[in-house]
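One-letter residues, chain by chain:
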Amino acid sequence: MDSGGGGEVASSAAAGPPAPLEWKFSQVFGERAAGEEVQEVDIISAIEFDKSGDHLATGDRGGRVVLFERTDTKEHGGNRRDLERMDYSASRHPEFRYKTEFQSHEPEFDYLKSLEIEEKINKIRWCQTANGALFLLSTNDKTIKYWKVQEKKVKKISEINIDPSKAGGNGSIPSSSASSNPKQFLANGNSSDRSYNSLSNDLSFPPGGILSLRLPVVTSSETSLVARCRRVYAHAHDYHINSISNNSDGETFISADDLRINLWNLEISNQSFNIVDVKPANMEDLTEVITSAEFHPTHCNTLAYSSSKGSIRLIDLRQSALCDSHSKLFEEQEAPGSRSFFTEIIASISDVKFARDGRYLLSRDYMTLKLWDINMDSGPVSTFQVHEYLRPKLCDLYENDSIFDKFECCLSGDGRRVATGSYRCGLVLFNSVISVLSSLSLNPPKKNASNLFRIFGRGEGSTEATTLEASKNPMRRQVQTPTRPSRSLTSSISRVVRRGSESPVSDANGNSFDFTTKLLHLAWHPSENSIACAAANSLYMYYA
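Quantities reported herein were computed from a predicted structural model and do not represent experimental measurements.

## Side note on the overall build of the protein chain
Alright, step 1. Across its full length, the protein chain holds six helices and 34 strands.
Alright, step 2. Looking at the protein chain residue by residue over its 544 residues, the buried ones come to 49%.
Alright, step 3. A fraction of 59% describes how many contacts in the protein chain between residues 6 or more apart in sequence connect residues 24 or more apart.
Alright, step 4. By element, 48% of the accessible surface of the protein chain is carried by carbon and sulfur atoms, the whole surface being about 26,600 Å².

## Topic: the sheet that holds strand E32 (residues 521–524)
Alright, step 1. Reading across the sheet, the four strands line up as E1-E34-E33-E32 and stay open at both edges, with antiparallel pairing between neighbours. At either margin of the open sheet sits one strand with a lone partner, and together these are strand E1 (24–29) and E32. Going from strand to strand, the sheet's axes swing by 20° on average, the running direction of each strand aside.

## A few points about the sheet that holds strand E4 (residues 64–70)
Alright, step 1. Taken in spatial order, the four strands of this open sheet run E2-E3-E4-E5, and their pairing is antiparallel. The outermost strands of the open sheet, each flanked by one partner alone, are strand E2 (44–49) and strand E5 (96–103). When the angles between neighbouring strand axes are averaged without regard to direction, this sheet yields 20°.
Alright, step 2. Of the pairings in the sheet, the one linking E4 to E5 comprises seven bridges and is antiparallel in character. Note that in E5 the partner of Arg70 across the bridge is Phe96.

## Quick notes on the pairing of strand E33 (residues 530–535)
Alright, step 1. Judged by how many residues are buried, E33 sits mostly within the fold: six of six residues are covered.
Alright, step 2. As consecutive antiparallel partners, E32 and E33 are separated by five residues.
Alright, step 3. Here E33 runs beside strand E34 (residues 538–543); their pairing, made up of six bridges, is antiparallel. Across the sheet, the residue bridging to Ser530 is Tyr543, located in E34.
Alright, step 4. Counting the residues between successive antiparallel strands, the hairpin from E33 to E34 contains two residues, one of them, Ala536, with a positive phi of roughly 55°.

## Let's talk about the confidence of the model for the protein chain
Alright, step 1. Mean pLDDT for the protein chain: 77, with 67% of residues reaching 70 or above.
Alright, step 2. For the stretch residues 167–183, pLDDT sits under 50, and the model shows 17 contacts to residues farther than four places along the chain or on other chains.
Alright, step 3. Scored below 50 in pLDDT, residues 194–199 shows six contacts in the model against residues more than four places distant or in partner chains.

## What about unusual backbone geometry?
Alright, step 1. Phi is positive for Ser114, which is not a glycine, with a value near 50°.
Alright, step 2. By the secondary structure assignment, Ser114 is in the loop between strand E6 (108–110) and strand E7 (115–117).
Alright, step 3. Relative accessible area serves as the criterion here: at 56%, Ser114 is assigned to the exposed category.
Alright, step 4. With a phi close to 55°, Ala536 is a non-glycine residue in the positive phi region.

## Some words on the pattern of salt bridges
Alright, step 1. All told, the structure shown has 25 salt bridges when counted by the stated rule.
Alright, step 2. We note a salt bridge from Arg70 to Glu528, for which the minimum N-O separation is 2.9 Å. Taken together, the positions of Arg70 in strand E4 and Glu528 in the loop between E32 and E33 put the pair 458 residues apart, joining distant regions of the chain.
Alright, step 3. The residue Lys370 makes a salt bridge to Asp365 at a minimum N-O spacing of 3.9 Å.
Alright, step 4. Lys370 sits in the buried class, given a relative accessible area of 14%.
Alright, step 5. One network of salt bridges, in which partners are shared, links Lys113, Asp238, Arg260 and Asp277.

## Section: the nonpolar core
Alright, step 1. Counting 14 residues, the largest nonpolar core has Ala419, Leu427, Ile531 and Cys533 as the members making the most contacts within it.
Alright, step 2. For this core, the secondary-structure elements that each account for two or more residues are strand E26 (427–431), E32, E33 and E34.

## Some words on the environment of Thr143
Alright, step 1. Mapped onto the fold, Thr143 is located in the loop between strand E9 (134–139) and strand E10 (144–158).
Alright, step 2. Sequence separation between Thr143 and Glu119 is 24 residues; the distance between their C-alpha atoms is 9.6 Å.
Alright, step 3. For Thr143, the contacting residues outside a window of four places in its chain are His105, Glu108, Ser138, Val232, Tyr233, Ala234 and Ile241.

## Digging into a nonpolar patch on the surface
Alright, step 1. Nonpolar side chains collect at one region of the surface, where Phe341, Tyr398 and Phe404 lie side by side and expose about 310 Å² of accessible area between them.
Alright, step 2. Looking at the secondary structure, you find Phe341 in the loop between strand E19 (328–330) and helix H5 (343–347).
Alright, step 3. Under the relative-accessibility criterion, Phe341 is labelled exposed at 55%.

## Observations regarding the packing of aromatic side chains
Alright, step 1. Under the criterion given, the structure shown has 20 aromatic pairs.
Alright, step 2. Where Trp23 meets Trp524, the ring centres are 5.7 Å apart and the plane angle is 80°; that geometry is what we call edge-to-face. Here the residue Trp23 occupies a position in the loop between helix H1 (7–15) and E1, and Trp524 occupies one in strand E32, the gap between them amounting to 501 residues.
Alright, step 3. Judged by relative accessible area, which is 1%, Trp23 ranks as buried.
Alright, step 4. Owing to a relative accessible area of 7%, Trp524 belongs among the buried residues under this scheme.
Alright, step 5. Centroid distance Phe25 to Tyr542: 6.0 Å. Interplanar angle 75°. Geometry classified as edge-to-face. Taken together, the positions of Phe25 in strand E1 and Tyr542 in strand E34 put the pair 517 residues apart, joining distant regions of the chain.
Alright, step 6. Three or more aromatic residues joined by ring pairs make a cluster, and in this case those are Phe341, Phe342, Tyr398 and Phe404.

Rules used in this analysis
- Residues numbered from 1 in each chain as written.
- Predicted model: local features only at pLDDT ≥ 70, side-chain atom pairs only at ≥ 80, totals over all residues.
- Heavy atoms only, no water.
- Helix = DSSP H or I, 4+ residues; strand = E, 2+ residues; numbered from the N terminus.
- Buried < 20%, exposed > 50% of the residue type's maximum accessible area, 1.4 Å probe, protein only.
- Contact = heavy atoms within 4.5 Å.
- Areas by Shrake-Rupley, 256 points an atom, 1.4 Å probe, with all protein chains shown as cover.
- Pairing = 2+ DSSP bridges.
- Axes fitted to C-alpha atoms, helices over the stretch in contact; angles between N-to-C directions.
- pLDDT = per-residue confidence, 0-100.
- Salt bridge = Lys/Arg side-chain N within 4 Å of Asp/Glu carboxyl O.
- Core = buried A, V, L, I, M, F, W, Y, C linked by side-chain atoms within 4.5 Å.
- Patch = residues over 30% accessible without salt bridge, like charges linked within 9 Å, V, L, I, M, F, W, Y side chains within 5 Å.
- Phe/Tyr/Trp six-rings, centres within 6.5 Å; stacked < 30°, edge-to-face > 60°.

Structure below.
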């Protein structure tokens, strides 16, 4: 099960924790103007970089998929060698531009179950490119679609009525060549001495032909991006799909709902194989559900899935067709006497991601990030307390349903840092150098502070703890209270859709806990220190 790719992380641990990064604002797409209300359908619900990092896809609650492409490499050579020849700095941060968008899903209605199916995009996954075309999977609650996006030439009809002397390209003979030939040819390529036999009296040509008739010419000078749905994978899930993941073999992928995981072939849309089924014979005996699933990045036979009880199971597809048993189980035992009404709710894992080398697993539950070594199932190698200061407010979080928010997590390409979202559109980052078992916690934000990045050192002797503001000036450490609200991430986006109370909760000291603005979706560039985060309808990008 060891992928053998942990050498870089291990060597980094020996050298100590990496130096803190200085994060800067890069770009924003879809920024809301002051006083502008944002429709719910415009709120971003999924975000994903492709493997090269040259393309970024977002999905929203309206069922649309928007693609962005990187521009700084195209404008300056495209690779490091070309940049060196041009004496251009290869350390410039990635810059993206809008590429295209298309409607992936439409709202549907299940008449058998009397159930409305939202068009909201739950997940997006990039597939292997071929012949210059982009391929990706997108899913809503019930249906997965396989899309192909490529440039196509726009064909236009031109040169219908032109001068015969200039019409040599459409099959006619120019006048210069026609004059040397005793036979006279018409502009449409026919000889004048040819006898015409009409099919009927109504369809006949005059003896001299129709000089004004010209053959049209099809030209294709312009190109446009066209998105075409290649496959539709439907009717395989009774419950809402929460995850899709591509296999490293490039031919198959998995989809997971609350109780089952199905294996698909990209070329076969009418058949899938059920590989995990946790549905009990009696639904009253149901104690846990599947919350997320992910294929191993290099081993096509290995995948991991998480549960609502806070455990992660690693399964090997070579063991059996139906993987009822797992090869490894990763879970952390409860501390004696620590169990409460909220214990099982906050233990539910909302996201799980493999590191790029496949050696480590990152999981996110409500309160913590946990880093697991797949070769050590006794416990996590690191635990990061994301917002421990909210633990006394769990009752309020439960009452307004915020305790059920599902935050995503991501790892840097080198595996040295991890990131996740928090409330007030905060982005939390940690160094993840593996050296000692540790548990790091975050202090509560200062009163009136908002939009916070938090970067913590991970490693033996590391005391790195930096608080940054996630705005267009993220390095502004001291957050003042201006007379008018400053233009920051919270003030430039709409309120995220809430399921419960919309008013912030305050403690006895008057400190406000605003659970209405939150950063749920984010993605780390696969090879550079660049993060894209989705807050409501806005896409913010930062680099270091």
